[in-house]
Amino acid sequence: MRRLFGSPLFWAIACFGFALPWVLAGNAADFFPVVCLLVSGFFAGLVAMRLLARIPSRRAGLAAHIGLAGALALYGVLFVPRIGEAMAWLRSVLPDPLVSLAWALWFTSITLTAVVWLTLLGRAVAALPGGRASDLPAPVWVGSEDGAQTEFTAVEMSRHAYLVAVAACAAAVLGAAVAIFIAAEPVVSRLSPKLLLLAFGVLLMLPVYLAARAYFRARTRAWRVTFTEGRMRIAELQPTREGAARDWLPVETDQGADRVAEWTVAFADIDSLVWCEAGEAARIEVRSRRGDRTLLVGVAKPLAGKRAALPGLSRRVRAELGDAGLGEAGVGQAGLRGRSAKGRPGQWRFVRAGASDSRP
């Protein structure tokens, strides 16, 4: 059930379904169905971005993203100015409910296009000189007397709390849109789709995104994970005393870093472990008999000169987890690059047979 409610596809279909009675009755332009259709298009855009993220090749994914954005732009240039003519022609060949349904699908494409173009804009900004975070190196494993260790930044927050925060952001955007529609309906109703799209993105989505980004950056902490023989240790680190507050001491030089909190768990006590290397979903989730820890890496401010990512799990660590009774679940047998059967690079999930994995 949690997976269903966390699916953008579910919410895209649900929001469109909420508006469907008004659409089929010929009242698709009423306030409530308009809001539902805009939100449905937003979640449909998230679905499209997830599908693009599943493309294994980065270049192929970027080309597909540009192609999709270009197709939507061409659709907007050729079709949107003639929407009145198109609707008049559809009324001559189709019954009114189907014509209203066609209008609803077109209206949903407004926010879908906004999501596609805003994410493409984000990739373009990241490609500017000095801004290509994807070209920065990921944290690496470093040998020590204790074992293999790596240092990175993360936000300590459960996935459930993260999804609640994302839902709160979506609710804030929706609430603001509802308030604006109610307070300024005579003005909003006269706006063209292009101006409505621009206002929705700049006045609503952008401020909420910046606020959420600032919140996660403020909660960012430096962490060190060490794998020793049969054990996993997670330690929180302080920033360097002599450096800027935003810089963290690299793991290669231990001078000046103090351990604030340390948590050690034996592999035999772990019920489930999720290790995801890259992307916004990069994280570590540990559920054990000694408690649970979740570190969200993908949403944190990265170390200077590094990208927000994790190094891959070595074959030795995966073999030790298997010897401790933890089997790979849902991702298949990982290959040399850690690519799962589902095509997600660098994601592993280990679950102990018989262990309950239903806790939030």
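How each quantity is defined
Residues numbered from 1 in each chain as written. Predicted model: local features only at pLDDT ≥ 70, side-chain atom pairs only at ≥ 80, totals over all residues. Heavy atoms only, no water. pLDDT = per-residue confidence, 0-100. Helix = DSSP H or I, 4+ residues; strand = E, 2+ residues; numbered from the N terminus. Contact = heavy atoms within 4.5 Å. 1 Å grid on protein atoms, 1.4 Å probe; cavity = no way out; pocket = protein on both sides within 12 Å on 5 of 7 lines; lining within 4 Å. Points joined across faces, edges and corners; volume = space filled by probe spheres on them. Nonpolar A, V, L, I, M, F, W, Y, C, P; charged D, E, K, R; others polar. Patch = residues over 30% accessible without salt bridge, like charges linked within 9 Å, V, L, I, M, F, W, Y side chains within 5 Å. Areas by Shrake-Rupley, 256 points an atom, 1.4 Å probe, with all protein chains shown as cover. Salt bridge = Lys/Arg side-chain N within 4 Å of Asp/Glu carboxyl O. Core = buried A, V, L, I, M, F, W, Y, C linked by side-chain atoms within 4.5 Å. Buried < 20%, exposed > 50% of the residue type's maximum accessible area, 1.4 Å probe, protein only. Axes fitted to C-alpha atoms, helices over the stretch in contact; angles between N-to-C directions. Left-handed = near helix turned anticlockwise from the far one by under 90°.

**Considerations on the confidence of the model for the chain**
Low-confidence regions, as indicated by low pLDDT, have predicted coordinates that should not be scrutinised in detail. Model confidence for the chain is summarised by a mean pLDDT of 77, while 78% of its residues fall at 70 or above. Of all helices and strands in the chain, the one with the weakest mean pLDDT is helix 1 (residues 2-5) (67), whereas strand 7 (residues 283-288) scores best (91). Considering only residues more than four positions removed or in separate chains, one finds that residues 241-259, a stretch of pLDDT under 50, has 39 contacts. This stretch, residues 331-344, has a pLDDT under 50; its non-local contacts, to residues over four places away or in other chains, come to 29 contacts.

**Some remarks on empty space enclosed by the protein**
Counted by the stated rule, this structure contains one cavity of 30 Å³ or more. Counted as a void, the largest cavity has a volume near 30 Å³. Around the largest cavity sit Pro139, Phe152, Thr153, Val297, Pro302, Leu303, Arg307, Ala308 and Ala309, which together line it. Looking at the lining of the largest cavity residue by residue, the classes come out as seven nonpolar, one polar and one charged.

**So, a nonpolar patch on the surface**
Together, Val202, Leu203, Leu206, Tyr209 and Leu210 give the surface a local cluster of nonpolar side chains, amounting to about 500 Å² of exposed area. Inspection of the secondary structure assignment puts Tyr209 in helix 9 (residues 193-218).

**Quick word on the nonpolar core**
Ranked by internal contacts, the top residues of the largest apolar core, which has 26 residues, are Phe152, Met232, Trp275 and Ile284. Elements represented by at least two residues in this core include exactly strand 2 (148-156), strand 3 (221-228), strand 4 (231-237), strand 5 (259-266), strand 6 (270-276), strand 7, helix 10 (315-323) and strand 10 (347-352). Counting 22 residues, the second-largest nonpolar core is a separate cluster that includes Cys15, Leu37, Leu90 and Phe107.

**Brief notes about the environment of Phe107**
As for its position among the elements, Phe107 is in helix 6 (residues 96-126). Under the relative-accessibility criterion, Phe107 is labelled buried at 8%. Expressed as a C-alpha distance, the spacing of Phe107 and Val34, which sit 73 residues apart in the sequence, is 8.1 Å.

**Looking at the pattern of salt bridges**
What the rule picks out here adds up to six salt bridges. With a shortest N-O distance of 3.6 Å, Asp269 and Arg289 are connected by a salt bridge. Remark: Arg289 occurs in the loop between strand 7 and strand 8 (291-296) and Asp269 occurs in the loop between strand 5 and strand 6; sequence separation between them is 20 residues. Owing to a relative accessible area of 56%, Arg289 belongs among the exposed residues under this scheme.

**Structural notes on the packing of helix 3 (residues 31-53) against helix 7 (residues 159-183)**
At a minimum axis distance of 11 Å, the contact between helix 3 and helix 7 shows a crossing angle of 145 degrees. Where helix 3 crosses over helix 7, the two elements pack in a sense that is right-handed. Here Phe31, Val34, Val35, Leu38 and Val39 of helix 3 come into contact with helix 7, specifically with Leu174, Val178, Phe181 and Ile182. Residues belonging to the contact of helix 3 with helix 7 are distributed by class as follows: nine nonpolar, no polar and no charged.

**Concerning the environment of Ala114**
Counting through the fold element by element, Ala114 comes out in helix 6. Taking relative accessible area as the criterion, Ala114 reaches 8% and is therefore assigned buried. In the structure, Ala114 is positioned 91 residues away from Met205 in sequence and 9.9 Å away in space, judged by C-alpha atoms.

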